[in-house]
Amino acid sequence: MSTTNADLGEPTELSEDEQRAVEAQLFRLADDEFIQAERYTFWQVRAPTLESDLAVSNNAQDELGHARLWYDAIQQLGYSEESLIYESDPSDFQHSTLVELPFEEGDWANAVVRAYLYDVAEDIRLSALEESSYEPIRDRIGRIQGEEEYHLEHARSWLERMALDDDASERVQHALDELYPYALTLFEPVGDVEDDITNLGIRSMSLSEMHTEWADRVESFLTEQGFEVPTDAEPATPIGRDNQHTDHWHSLHEEMTSTYRNLGRNEATLLMDEDDE
Amino acid sequence: MSSDYDRPRADPDATACSYTDYETTDHATGDVPATGDDAEGLAREVWAELYTVEDPEMPVSIVDLGLIYGLDVAGNEATVDMTLTYSGCPARELILDEVEEAAERVDGIKNAEVRLVWSPDWSVDLVTEQGKEALREFGMSLE
């Protein structure tokens, strides 16, 4: 779908409605990537081989980098890093519940399936943002797409190999049945602001169009590998996008922010303060 | 503002830090990368200092890596538009600091600021011939 919407201009030029829609798009991009990265790090010393430890760590680092790009864009609208991450209430976050679920040690199939379902959705979402009417979104897409290509390739190649082994296929199928309903929450709305996101040309595809494309791509690839895709599943609840999350998120958030709280911090620490020599 | 996104807002009266300023430009204007070939005067001296900043992991100048997208010198202020090879670059703050310090080493430059830009995207195609040579010597495989 081509858009004829006018460029929304600089962050400071947005009307209240435009800013609300831009934020709605940015928050899901940032929160999804951030929490996906956080969960990936569980695998960095637990994946099946040293190479997979490194691959998953690298993917985690990519997603953290992308989260940073999106949170930077949100900061242009007047937020601070502290308020966005460390001082936010867990229920302020709007990521899909797919990315907040914990992993069980040894269940590598679960990690691969989650990565695959997420990365296909991410690929579609990024394409739909390429021509965004908001420049800070548009300008970040190319860099992120270049890095995401490898994530998809990684997930697909693992699924292709696991499909060749009976035991591994069974675990993939089990993970697929469990995670598919959670993946559907990626396409759930955050509220009535959704229409503005497409009407203002911030994103070129509606949630339902993205869902359709995702379901087709996922079904086509996974069926080819011999898996059964639970296409009649309903989105899992809670859905995340509406600020409602599973209990797993609350404990993860507690863990993520514990150092900040325990040290009595009131500002985020950077790798190197600018005044350091 | 009332909205569905009620994270704590930043204090509108807070003093902006240079970190925030990095992000006010997202898109480089002009051809990239910039290497300062035809720079003159003070700008030329700034380019010379930028060339001395190396990637933290490889012995190659950030200018030869094609990471500098633009340099603007106005009076005693230098503004450097720059990108990074990788969005998750863990050395981000370190490199940005080094670039600002390098520019400020030039007599006549009082204040330097780096603006991080992400478009156009960086790729290995932006590495200069000199940079490719340095990378080959370091042992990287390049065409």
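Every value quoted in this text rests on a predicted model; they were computed, and no experiment measured them.

(A) Summary view of the overall build of chain A. Of the regular secondary structure elements, chain A holds 9 helices and 0 strands. Helices and strands in chain A line up, N terminus first, as α-α-α-α-α-α-α-α-α. Compactness check: chain A gives a C-alpha radius of gyration of 19 Å against a globular reference of 19 Å for 277 residues, within 12% of the reference. The C-alpha extent of chain A, read off along each of the three principal axes, is 55 × 50 × 35 Å.

(B) Inspection of the UniProt feature "domain: MIP18 family-like" (unreviewed entry) in chain B at higher detail. UniProt records the feature "domain: MIP18 family-like" (unreviewed entry) at residues 45-114 of chain B, using the numbering of this structure. Secondary structure content for residues 45-114 of chain B is 29% helix and 24% strand, and the end C-alpha separation is 17 Å.

(C) Seen up close, the side chain of Glu100 of chain A. All names here are of chain A. Along the chain, the position of Glu100 falls in the loop between α3 (81-86) and α4 (108-129). Here Glu100 sits buried without a salt bridge, and the closest side chain of opposite charge, Arg39, lies 7.4 Å off (N-O distance). A polar atom in the side chain of Glu100 sits 2.7 Å from the side chain of His245. With residues near it in sequence (within four places) discarded, Glu100 still touches Ile35, Arg39, His95, His245, Thr246, His248 and Trp249.

(D) Layout of the packing of α4 of chain A against helix α5 (residues 135-162) of chain A. Interhelical geometry of α4 of chain A versus α5 of chain A gives an angle of 150° and a closest axis separation of 8 Å. Our pair here, α4 of chain A against α5 of chain A, has a crossing hand that is left-handed.

(E) Structural detail: the pairing of strand β2 (residues 77-82) of chain B. Residue and element names in this part refer to chain B. In this structure, strand β1 (residues 68-74) lies alongside β2, joined through 6 bridges in antiparallel fashion. In the strand pairing of β2, Ile68 is matched with Met82. Where β1 folds back on β2, the antiparallel hairpin that results is connected by 2 residues, among which Gly75 adopts a positive phi of roughly 65°. Two elements, β2 and strand β3 (residues 111-116), share 6 bridges in a ladder whose sense is parallel. The partner of Met82 across the bridge, within β3, is Leu116.

(F) Inspection of the pattern of salt bridges at higher detail. Residue and element names in this part refer to chain A. The full count for this structure, using the stated rule, is 20 salt bridges over all chains. Close ionic contact of Arg261 with Glu254 constitutes a salt bridge, the shortest N to O distance being 3.8 Å. For Glu254, a relative accessible area of 48% gives the class partly exposed. Connected through shared salt-bridge partners, Asp32, Glu122, Arg125 and Arg241 make up one network.

(G) Highlighting unusual backbone geometry. That bond from Thr237 of chain A to Pro238 of chain A is cis: its omega, -5°, falls within 30 degrees of zero. The topology assignment puts Pro238 of chain A in the loop between α8 (207-224) and α9 (247-262). Following Ser119 of chain B, the chain continues to Pro120 of chain B via a peptide bond in cis, the omega torsion being 0°. Structurally, Pro120 of chain B can be placed in the loop between β3 and α4 (129-138). Even without being glycine, Asn243 of chain A reaches a positive phi, approximately 75°. With a relative accessible area of 17%, Asn243 of chain A lands in the buried category.

(H) Region of the structure containing the environment of Val229 of chain A. Residues and elements named next belong to chain A. Inspection of the secondary structure assignment puts Val229 in the loop between α8 and α9. Distance in space between the C-alpha atoms of Val229 and Leu176 is 7.3 Å, their sequence separation being 53 residues. Discounting residues that sit within four places of it in the chain, Val229 has contacts with Leu176, Tyr180, Val218, Glu219, Leu222 and Thr223.

(I) Expanded view of α8 of chain A. Residue and element names in this part refer to chain A. With 18 residues, α8 ought to run about 26 Å at 1.5 Å a step, and its terminal C-alpha atoms sit 26 Å apart, in line with that. Here the buried face of α8 lies against α1 (16-40), α4, α5, α6 (166-183) and α7 (194-199). One or two steps after α8, the chain reaches Gly226, where phi turns positive at roughly 95°.

(J) Broad picture of α1 of chain A. A rise of 1.5 Å per residue sets the reference length of α1 of chain A, with its 25 residues, at 36 Å; its end C-alpha atoms lie 36 Å apart and thus fit the reference within 8%. Most of α1 of chain A sits inside the fold, with 22 of its 25 residues counted as buried.

(K) Structural view of the pairing of β3 of chain B. Burial along β3 of chain B is one-sided: Ala112, Val114 and Leu116 of chain B are buried, while Asn111, Glu113 and Arg115 of chain B, pointing the other way, are not. Between the parallel elements β2 of chain B and β3 of chain B, the chain passes through helix α3 (residues 92-104) of chain B in a crossover that is right-handed.

(L) Summary view of the sheet that holds β2 of chain B. All names here are of chain B. Taken in spatial order, the 3 strands make up an open sheet running β1-β2-β3, and their pairing is mixed. Each having just a single partner strand, β1 and β3 make up the two edges of the open sheet. Averaged over all adjacent pairs, the angle separating strand axes in this sheet is 15°, with direction ignored. Against the sheet, α3 contacts β2 and β3, and its axis sits at roughly 145° relative to β3.

(M) Quick peek at the side chain of Asp53 of chain A. Residue and element names in this part refer to chain A. Position of Asp53 among the secondary structure elements: in helix α2 (residues 50-75). One polar contact links the side chain of Asp53 to the main-chain amide nitrogen of Ala47, over a distance of 2.9 Å. Ignoring sequence-local partners within four residues, the contact set of Asp53 consists of Trp43, Gln44, Val45, Arg46 and Ala47.

About the thresholds
Residues numbered from 1 in each chain as written. Chains lettered and ligands numbered in written order. Predicted model: local features only at pLDDT ≥ 70, side-chain atom pairs only at ≥ 80, totals over all residues. Heavy atoms only, no water. Helix = DSSP H or I, 4+ residues; strand = E, 2+ residues; numbered from the N terminus. Rg over C-alpha atoms; globule rule 2.2 N^0.38 Å. UniProt positions renumbered as here; feature names shortened; annotations may be inferred. Buried < 20%, exposed > 50% of the residue type's maximum accessible area, 1.4 Å probe, protein only. Lys, Arg positive; Asp, Glu negative; His and termini not counted. Salt bridge = Lys/Arg side-chain N within 4 Å of Asp/Glu carboxyl O. Polar contact = N/O pair within 3.5 Å; in protein donor to acceptor, adjacent residues only side chain to side chain. Contact = heavy atoms within 4.5 Å. Axes fitted to C-alpha atoms, helices over the stretch in contact; angles between N-to-C directions. Left-handed = near helix turned anticlockwise from the far one by under 90°. Pairing = 2+ DSSP bridges. Expected span 1.5 Å × (residues − 1). Right-handed = clockwise from strand over helix to strand, strands pointing away.

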